[in-house]
Amino acid sequence: MSKFNYDASDAKLQRFIKEGRGQGRGAEYQPWLNVHSIASRGRVSRVSGWKTGRVHHFLSDNETRYFYLCEWSDAVIDIREHYPLMDLYEMTDILDDDLAKKLMDRKTGTPHILTSTFLITVKNDEGQERHFARNIKEARDFEKNSVIERYEVIRRYWHKKGIPWGLVSSSEINAVRAKNIEWLHAARRLSDWGYSDQQIAGEIRFLMELLIGGQGSIKNAIERFDSQVSGEQGKGLLMLKHLLAAKQIKIDMDKPIDLNHSAKSIEIVDNKGSDTVAKISG
Amino acid sequence: MEWIKIPNGTLAQVAQYSQQIVSQYEGNMLIEALPPIMSKEEVVQALSSYPHFDVEERYADSHYRFHMIQQLLGYFQVMPLHIDLENRISRLIRQGYVNRNPIQPNYASQMVQGYADIQRGQIRQNIQISSSGLTIVGVSGMGKSTAINRILSTIPQIISHSEYNGVELSAYEVVFLRLECPPDGSIRGLINNFFVELDQLLGTNYMDRFGKNTKLSAASLMPIVAQIARGCNLGLLCVDEIQNLSVAKSGGAEKMLSFFVTLSNSIGLPTILIGTPTAQSLFSDFRIARRGSGQGDVAWLPMKKSEPSWRLFIEGIWDHQWVRNPTELTTELNDTIYEASCGITDIAVKIFMFSQIRAITSGTETITPQIIKGVVKDSLKLVEPMLNALRSGNLNGIARFGDINIAPIDGFIAAEQSKLDLGNLLQTFQKTQKEQQVQAERLKQDAVVRLTLLGVPEKEAKHNVSKITSDMPQIQNIQEVVQEAYKLHLGLIEDKQATSKTQPQIDDERDLRKLVKAGKENGFTAYQALKDAGYIASDFSIDTGSELG
C-alpha cells in the first residue's frame, strides 16, 4: 500500500485541523504538511531551527536552502513553512469562478487547503513585526496553467491580507551561501554537542586568538587548537563552526568555505548587531 | 495392522491377506490385502461424521460458540446414495484387480507390452481386458468430492507386499489415486499431477524424470503413465473437477478423454470421473467412447423435500444448535430452509450455521424463519442465480452455474462479529457524546455568569459566549472562553468588517494568468513574465551579494 493518500477527504482535513496544523507561531507552530504527509518530489529534510527551536519540515532542497538563508538573516524572527491559507474560504469574494473551482476536490467536494511554502516574520529596526509570504517552485513549473492559477489564488489571498507575497525559484536562492549555512548550522548551540558555554569560554577565546594571529591557513589554526588545547580531534572544527554560527567571527559566506584559505580571511565581529537585514520585496 | 514407512514417501500398510468369500477374488494378493467388504451398517458407521456437541456448550460466551458452530462444516450425514457409492467403488477396485494378478503369467506380459508401448510412444489397445468406471455428475455443493474422500479414507492408500504364500516379492499396491483436472484442461497438467501425487506417496522422482522433461510430448508420456500405473498396481484413478475439460484449450477435452479410455482399456484401470453438470456433454461423449462396457453413472441431484434423505439430513443437523433457546424443527422452519437452499447440502449447512450466528449476535438466541430469511437475503447473493435456476428446474440453467463456489463463510462471521462490536461501540459513543454536550452547556452557562459579574449584560454575554464556542471550538477552558468573550465585549476582536474596509481592490491587471499569457505573446517564458512583473522575490538573493542586500 502506498504510504501517501492523496485523496482529499473531510476526515483527513479534520484530523489536520484537530492536530493544530497551521496554527500557532514560533515553537508552537506545526506545518500543514510534513515529510510524512505528502510524497516529496525532491529530497526531504528536517532541520532543528535557530529561530523557532522546533523541527522544520522541508520537501525539497530549494525549500531547505531558502530556510537556511532565513536562518542566517538576523531580521527574521519566525519561519512558518507550509503555511495553510485556512481562512481563504471566508474570502471567496476575491476569486472568480475559474479560481473558485480550484478550491474544491472535484470528486469529493472536500476543500483543498492551499499553502504558502513560507510565512516569514521579520522585525525591523524600530522593532515592528512584519510578515511576508513566499512560494518556492522550480521556474519550469510556472509554465503550467494549473500552477499559475493556484498562485493567482494565493496572490489574491495575501494581497487581501496586506502581506507581501512572491515566488522564489532556484535562481533566486544563493546555493553557495545556503550550503555554507547548512555546514555550520548545527554548531550554533554547543549544548547539543555536550559542552556548556562556561566550560569552553576559555577554549573559544584561544581559538579566536589562533585565528587572529594565525600565519597559516584556517586548517592550521584548527589543528593547533586540537593538539594544544582540546586534545580531541574535530573539536576545533566544531568550535570554528560555532563561532561562525554565533556570528562571533565572519567569513565570506558567498564563496564556498575553504579551510585551506588563510586565517586572515576571517574577521572578528566585536559587537553583535543586526548586520543582516532581509530585503523584502513584493 | 502394521505400517511401514516408505523413504521420502508416506506410510504404507504391510499387507495382510484374508480369506476371500467371492471365489473370483481368491488367490489374488492385490485383492486379498484389501480390507474386508463392508456391510451397510459398517458403511454408515465408517462414513458418518457429526460434530462434537454438548448441551452445556450452549451457555458458552458467543465468541466461543462461533467456533463451535464452525464444526458444522464437518457434518456428514450418510444417505442411501453414499452407501450405493461405497458399494460401487468397492466393486470397481476389486474388479480392476481381477485381471491383474502378479502371480499370473499375463501380468508379466502386460509389463513387457507396456515397455514396447513406451518404445513406440503409443499405447496399443488391448481389447481383451474389460475396463470399468464410474461417472458422477452433480451440482456444486452436493458433497460429491466429500463423499468420495470419505469413502476412500476407509481404504488404505498404499499396501506393501513383501511375501505372499511363501513367495518373496517386493511390490507396492497403490489402491487409489485422486487427481484434480487442471484448470487449463491440459493433458500435461493432469499427467504432471499424476507424477506429483505418486512421488509424494512413494518417494519416487517421476516428476523430475518425466514431468520436467520437455522433450517428451504428452502423447509419448501416456505409455509411461500407463506403465507406472501398472508397476505400482494402481487400483483406482479418481479425477475430480472434470468440467475443467470443457473450457480447455482446443483439443484438450477430446484428447484427455481418449487418454482415460486408453488407460482403462489397456491396463484395465478403473476410473472415476467427477464433475458438475457443465461437464454433461463431455460425459455423454465419454460414455459413447466406452460403449460396450457396462458402467454405472451417478447423477447427484439436489434433494427433494419429500425425500427421506432430506429429512435425515435436516433432522441430523438440527440437533446441533448452539443457541440458548433451541427450537424443534417445525414444518415452517423446514420449508424455509429447504426453499432457501433448494436441497443443496452445502448451502443448507451454511444457512443453518449463519442463522445460529445471527441468532446469537442479535440476542434472540433462537432460530426463527425470519432469521433464516434474513440470512439468506444477506449472504447468499452470490449463489442466488444458481438457486433460481434450480427452482425453475431448468437443467441447462443449472449447468451454467455449475461451478459457483458456495457462499464464503469467513466473511459472514467477521461481519456478524463486527456488528456485535459496533453495537457496543455505538452505545459508548452515544454516551460520551451526551456527556460532552452536557459539559459544553455547563461551560457556556458558567461563562455567562462570570461575564455578567464582569459587567457584561446577560443577553450580550450569552451571544458572545455562543459566538466564541462556535467560532473557536478548540477552546475548552472556561477562563479562555470568558477572556475571549470579554474581548469581544470590549471590541478588541476585530470583526471581519474591519478588515474588509481596508480591503484593497482586486487588481485584475496584476492577475498572474494575464501576466503569463501576455508574456508568452511577447515570447517570454512564464518565469520571465513573472519576474518582470515583480513577483519573483529576490530576498537573500545572489544579486544583492552583500548582507544588507
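Provided above is the structure to which this section pertains.
Residues numbered from 1 in each chain as written. Chains lettered and ligands numbered in written order. Predicted model: local features only at pLDDT ≥ 70, side-chain atom pairs only at ≥ 80, totals over all residues. Heavy atoms only, no water.

Focus: the packing of aromatic side chains
Within a pair of aromatic rings, the relevant descriptors are the distance that separates the centres and the angle that separates the planes. Which entries qualify depends on this criterion: The pairing test for Phe, Tyr and Trp rings, Trp by its six-membered ring, is centres within 6.5 Å, and the orientation test on the planes gives stacked under 30 degrees, edge-to-face over 60, and tilted for anything in between. Burial status follows relative accessibility: with a 1.4 Å probe on protein chains alone, a residue under 20% of its type maximum counts as buried, one over 50% as exposed, and anything between as partly exposed. Elements are defined by DSSP. Helices are runs of H or I of four residues or more, strands are runs of E of two residues or more, and each kind is numbered from the N terminus.
One pass over the full model with this rule turns up 24 aromatic pairs over all chains. Consider the rings of F58(A) and F67(A), whose centres lie 4.7 Å apart with planes at 40°: the pair is tilted. Overall, the relative accessible area of 0% leaves F58(A) in the buried class. Arranged with centres 4.7 Å apart and planes meeting at 75°, the rings of Y17(B) and Y164(B) form a pair that is edge-to-face. One end of the pair, Y17(B), is in the loop between β2 (11–14) and α1 (29–32); the other, Y164(B), is in strand β4 (residues 158–164), and 147 residues separate them in sequence. Y17(B) gets classed as partly exposed once you look at its relative accessible area, which sits at 27%. Aromatic rings pair up to connect F58(A), Y66(A), F67(A), Y68(A) and F118(A) into one cluster.

Some thoughts on the nonpolar core
Note the threshold: Nonpolar cores were defined as sets of buried Ala, Val, Leu, Ile, Met, Phe, Trp, Tyr and Cys residues, with membership established by side-chain atoms within 4.5 Å. We call two residues in contact whenever any of their non-hydrogen atoms come within 4.5 Å of each other.
L85(B), I89(B), I136(B), I272(B) and F313(B) are the most contacted members of the largest nonpolar core, which totals 77 residues. Not counting the four nearest positions on each side in its chain, L85(B) is found in contact with L134(B), I136(B), A147(B), I148(B), I151(B), V298(B) and W300(B). Within the second largest apolar cluster, 49 residues are counted, among which are W50(A), F58(A), A187(A) and I222(A).

Structural notes on helix α15 (residues 369–379) of chain B
Side chains three or four residues apart in an α-helix point the same way, a direct result of the helix having 3.6 residues per turn. Residue and element names in this part refer to chain B. Cut-off, in case you're wondering: Here, the arc refers to the directions that run from the helix axis to the C-beta atoms.
What α15 keeps buried is the set P369, I371, I372, V375, V376 and S379. One side of α15 carries all its buried residues, which in axial view fall inside an arc of 160°. Turned more than 90 degrees off the buried face of α15, the exposed positions are Q370, K373 and K377.

Some details on the pattern of salt bridges
Residue and element names in this part refer to chain A. Convention followed: Any Lys or Arg side-chain nitrogen found within 4 Å of a carboxyl oxygen on Asp or Glu counts as a salt bridge.
This model, assessed by the stated rule, comprises 28 salt bridges over all chains. Where E129 meets R25, a salt bridge forms, and the shortest distance between an N and an O atom there is 3.2 Å. Here R25 lies in the loop between α1 (10–18) and β1 (45–48) and E129 lies in strand β5 (residues 129–136), a separation of 104 residues in the sequence. Accessibility expressed as a relative area gives 35% for R25, which makes it partly exposed.

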